[in-house]
Amino acid sequence: MKWRIQYLRVEVKKALVLFPRMLFQAILLMMIIGVIAFCGVRGLERDPLAASIDIAVVVQEDNRMTQMALAYVENMESVSSYCHFQQTTEEEGFDLLRKGKIAVLVLLPEQLVEGIMNGRNPSVDIYFPRNARLEAMLFRELTESGEGLLRAAQAQIYGANDTASAYGLQEQLSKMEAEIDSYNLAFALDRMALFDTEQVSVFGSMNVVQFYAASGAVLFLLLTGMALYPVMQREPTAIRKQLERQGTGSGWQCFSQWFCAVLCMGLLLAVLWMGVKLAYRWLPDGFLAQIREDRADSGFLLPQIMLAGLIVLSAVTIVYFIYSLTGSRTSGILLLFLVSVVMVYLSGGLAPSMFMPERMQAVGRWLPTTYLMEAVGNLLTGRNKTGTSQCAAILVLSTVVCGMMAYVLRRREE
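Residues numbered from 1 in each chain as written. Predicted model: local features only at pLDDT ≥ 70, side-chain atom pairs only at ≥ 80, totals over all residues. Heavy atoms only, no water.

### Quick word on a nonpolar patch on the surface
Threshold: Patch membership requires over 30% relative accessible area and the absence of a salt bridge. Like charges are linked within 9 Å, and nonpolar side chains (Val, Leu, Ile, Met, Phe, Trp, Tyr) within 5 Å. For every accessible area listed, the method is Shrake-Rupley and the probe measures 1.4 Å; residues are considered covered only by the protein chains on display. The working definition used for a salt bridge is a side-chain nitrogen of Lys or Arg within 4 Å of a carboxyl oxygen of Asp or Glu. The helix count covers DSSP runs of H or I at least four residues long, the strand count covers runs of E at least two residues long, and both are numbered beginning at the N terminus. The cut-offs for exposure are 20% and 50% of the maximum accessible area for each residue type, with area from a 1.4 Å probe on protein chains only; residues under the lower value are buried, those over the upper are exposed, and the others partly exposed.
A contiguous nonpolar patch, built from F24, I27, L28 and M31 and spanning about 390 Å² of accessible area, is present on the exposed surface. You can see L28 is positioned in helix α1 (residues 2-44). For L28, a relative accessible area of 40% corresponds to the partly exposed category.

Printed below as a string of structure tokens:
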């Protein structure tokens, strides 16, 4: 036991001597990832692209009522945000439609408003190009929905007239029609009566900034393993055999290297976290606001520290297992970079897994990086305690499995 403690002490001293160099490498890596994240946040702050539909309207006559109705529709907030109207002649409108300069051509008949009020119900002709774009297809769906609402309203009025005639209720007909009109107007103009607003996000309980902050943190943890290679590399064969003769077996050697890597990773994250706290005032306000958005602080610091420690243990064990698959520094670092990027990608860290093929989604659900991202996300949001327990259990299992496989690989090499 004396020689084991002595070997662990030597490994810890070696790790502490190499720590400044590893810290410098980690800072360079964090600066690169930080620049990428800063550019991404600046891109997110831009206004989202909105579809704009160019609509040509042909008014058959100079009717004041029709012009008022058209102006009312044009100034509606829900319409003016997406539709751009221009009045043209019929010949000019069809010419613009053929050339693809407009998405829709609308022909308004004579005495449109009067015909609606007296029950004649003149039809409005709407023309779409043969190869309609997405905007025109969307407008077509909306017009067909509006047509359905008008048909339902007309059927209600005609049904009320027939009912009043059959039962001798002509005196109450005006009241019935007023109630039907009020109901239909409230149903058509009040958009909340048509649907309930519910935000659906491919990022789950996190917003987009929190999601990519979590995936970037996981990728940073794995890539930081490149700086930890000196404390994870195998001892020369002669030294390993000499250590075994003194009672320091391969199992204790693996544990000592893994322990030193965990120690260095913890120190790196502690130093970098203090640096971020000091540079807090220089971080973009929009980035910080979205990170803190909808955060549910539980008030208990111990579970968060335990979860952060488990994240570090799991990341270090994955890196240790990857290094166990190779025999040299160059191949180990290249393999670590490739495997880290691929695992984060399959876990939906670069693009949400919802947009990937089903087979790739199935593979991503079995990767430990998926649960690492979920655990980091839970730390950022402070929510989902039930999911945190399940995620922590899976991370413990993956840590044990990766550690055992790394030991078997190094043992077999001997």
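### Digging into the sheet that holds strand β3 (residues 104-108)
Heads up, the condition is: The criterion for strand pairing is that DSSP finds at least two bridges linking the strands in question. To obtain an axis, a line is fitted to C-alpha atoms, over the contacting stretch when the element is a helix, and the angle between two such axes runs from 0 to 180 degrees between their N-to-C directions. Residue contacts follow a heavy-atom distance rule, with two residues in contact if any of their heavy atoms lie within 4.5 Å.
Taken together, 4 strands build an open sheet; the order of strands is β2-β1-β3-β4 and the sheet is mixed. In the strand order of this sheet, the two ends are held by β2 (83-87) and β4 (125-127), each with one partner. The average angle at which neighbouring strand axes cross in this sheet is 25 degrees, direction not considered. Here 5 bridges tie strand β1 (residues 53-59) to β3, and the two strands are oriented parallel to one another. The residue of β3 that forms the bridge with V59 is L108. Each of β1, β2 and β3 is contacted by helix α2 (residues 64-74), which is oriented at about 170 degrees to β1, the strand it contacts most. The strands touched by helix α6 (residues 134-167) within the sheet are β1, β2, β3 and β4, with β1 carrying the most contacts at an inclination of about 55 degrees.

### Considering the packing of helix α8 (residues 208-224) against helix α14 (residues 329-346)
We apply this condition: Small angles under 35 degrees read as roughly parallel and large ones over 145 as roughly antiparallel, with 65 to 115 read as roughly perpendicular and the rest as oblique. For a crossing to be left-handed, the near helix must be turned anticlockwise from the far one by less than a right angle; the clockwise case is right-handed. Polar here means any residue outside two lists: the nonpolar Ala, Val, Leu, Ile, Met, Phe, Trp, Tyr, Cys and Pro, and the charged Asp, Glu, Lys and Arg; Gly therefore counts as polar.
The interhelical angle for the contact between α8 and α14, taken along N-to-C directions, is 165 degrees, at an axis separation of 9 Å. For the element pair α8 / α14, the angle class is roughly antiparallel. Note on packing geometry: the crossing formed by α8 with α14 is right-handed. In this structure, α8 uses V218, L219, L222 and L223 to contact α14, whose residues at the interface are L336, F337, S340, V341, M343 and V344. A class-by-class count of the residues in the contact of α8 with α14 yields 9 nonpolar, 1 polar and no charged.

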